[in-house]
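As a plain string of letters, each chain reads:
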Amino acid sequence: MNGSYKRTILYPQPMKYILSFSVICFILFGCSSSKGIKSSFSSQEVNLIMHSDSITPMRVYKINNKKDSLLLRTKSTYIKPDLKDPVLQRFVKRLYATVRDSISMGVGIAAPQVGVLKNIIWVQRFDKPDMPFEVYLNPKITKYSKKTQKVKEGCLSIPNRSDTLSSRSLTISLEYDTMEGVHITDTVEGFTSVIFQHEIDHLHGILYLDHLQKEIKEVSNSN
Ligand SMILES: [Zn+2]
């Protein structure tokens with residue numbers, strides 16, 4: 001005993017269950033809805049996404065803005081594929097509008113780049129006929145080839161520069177969910193695999209500059 005007085009409230013047994021059930025319900029559902037919209041997104045994300053129509057690009061977060069850079073360094077979380085989720089539908093369309101925006105004209109984009117911490121990316125498939133843009137939920141790289149490739153990279157979140165990296169894997173194995181909730185495994189190589197590596201890094205708060213720094217450090221260590 002440390003001398004402090006501890007007061008205990010004794011609830012009848014059933015009351016205890018009701019109370020703990022209410023607490024669990026609050027944790028599960030309390031912070032995930034806004035204005036009656038049920039969604040896997042946070043209420044802040046719902047507001048950001050539903051603020052404009054599906055063809056309006058979103059603001060791209062940049063590393064030279066302190067607040068933006070903190071978010072860009074944060075890990076994203078799982079998103080449940082759901083064709084009936086109006087927020088998810090609006091978001092993937094607006095994320096596409098952002099990467100195709102005349103200012104951006106990117107070849108890939110990840111959700112954290114517009115301030116949404118969910119595992120969602122768009123990638124242009126240069127390895128497919130007509131080079132379509134495709135959206136992927138919860139993408140995960142399961143295998144990196146030892147063989148690497150030298151590719152010039154830029155990033156919508158890192159203004160006014162591009163750099164050549166030589167540490168990107170030539171081939172990757174990956175898995176992801178489609179919007180319909182189908183789980184797919186795939187093997188991708190060449191430039192398209194670099195886009196996947198770059199965008200999936202964003203979901204872990206990693207930027208291509210981190211790889212560049214590592215490469216420079218390795219070269220100076222070997223000299
Ligand atoms: Zn990027």
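Residues numbered from 1 in each chain as written. Predicted model: local features only at pLDDT ≥ 70, side-chain atom pairs only at ≥ 80, totals over all residues. Heavy atoms only, no water.

Trainee: Tell me about the coordination of the zinc ion, and name the residues and values.
Mentor: Surrounding the zinc ion are the protein donor atoms Cys155 (SG), His198 (NE2) and His202 (NE2), at 2.1 to 2.2 Å. Site description for the zinc ion: donor spacing in sequence, C-x42-H-x3-H. Placement of Cys155 in strand β6 (residues 148-155) and of His198 in helix α5 (residues 191-203) is noted, with a sequence separation of 43 residues between them. Overall, His198 belongs to the buried group, its relative accessible area being 7%. (Donors = N, O, S within 2.8 Å, 3.2 Å for Na, K, Ca; no water. Helix = DSSP H or I, 4+ residues; strand = E, 2+ residues; numbered from the N terminus. Buried < 20%, exposed > 50% of the residue type's maximum accessible area, 1.4 Å probe, protein only.)

Trainee: So what's going on with the confidence of the model for the protein? Which residues, and what values?
Mentor: For the protein, mean pLDDT is 87; residues scoring 70 or higher make up 83% of the total. Below a pLDDT of 50 lies the segment residues 1-11, which in the model reaches 2 contacts outside its immediate sequence neighbourhood of four places, other chains included. Confidence drops under a pLDDT of 50 for residues 21-35, and excluding neighbours within four residues, the segment shows 12 contacts in the predicted structure. (pLDDT = per-residue confidence, 0-100. Contact = heavy atoms within 4.5 Å.)

Trainee: Which residues make up the nonpolar core, and what are the values?
Mentor: Of all hydrophobic cores here, the largest spans 23 residues; its most connected members are Phe41, Leu88, Phe91, Val116 and Ile120. Looking at this core, the elements that each hand over two or more residues are α2 (43-50), α4 (86-99), β4 (120-124) and β5 (133-144). No other element matches the 6 residues that α4 contributes to this core. For Val116, the residues in contact, after removing those within four places along its chain, are Phe41, Glu45, Leu48, Ile49, Met58, Ser76, Phe91 and Ala111. Grouped together as the second largest cluster of nonpolar side chains are 13 residues, Ala110, Ile121, Ile172 and Leu174 included. (Core = buried A, V, L, I, M, F, W, Y, C linked by side-chain atoms within 4.5 Å.)

Trainee: Can you lay out α5 for me, pointing to particular residues and giving the numbers?
Mentor: Its 13 residues place the ends of α5 19 Å apart at the C-alpha level, agreeing with the 18 Å of an ideal helix rising 1.5 Å per residue. Burial analysis of α5 places 12 of its 13 residues in the buried class, the great majority of the element. Looking only at α5, the buried set comprises Thr192, Ser193, Val194, Ile195, Phe196, Gln197, His198, Glu199, Ile200, Asp201, His202 and Leu203. Count one or two residues on from α5 and you reach Gly205, which has phi positive near 75°. (Expected span 1.5 Å × (residues − 1).)

Trainee: Could you give an account of the side chain of Glu199, naming the residues involved and the relevant values?
Mentor: Among the secondary structure elements, Glu199 is positioned in helix α5. One buried charged side chain, Glu199, makes no salt bridge at all; its nearest oppositely charged neighbour is Arg168, positioned 8.4 Å away. Ignoring any residue separated from it by four or fewer positions in sequence, one finds Glu199 in contact with Gly108, Ile109, Ala110, Gln113, Ile121, Trp122 and Val123. (Lys, Arg positive; Asp, Glu negative; His and termini not counted. Salt bridge = Lys/Arg side-chain N within 4 Å of Asp/Glu carboxyl O.)

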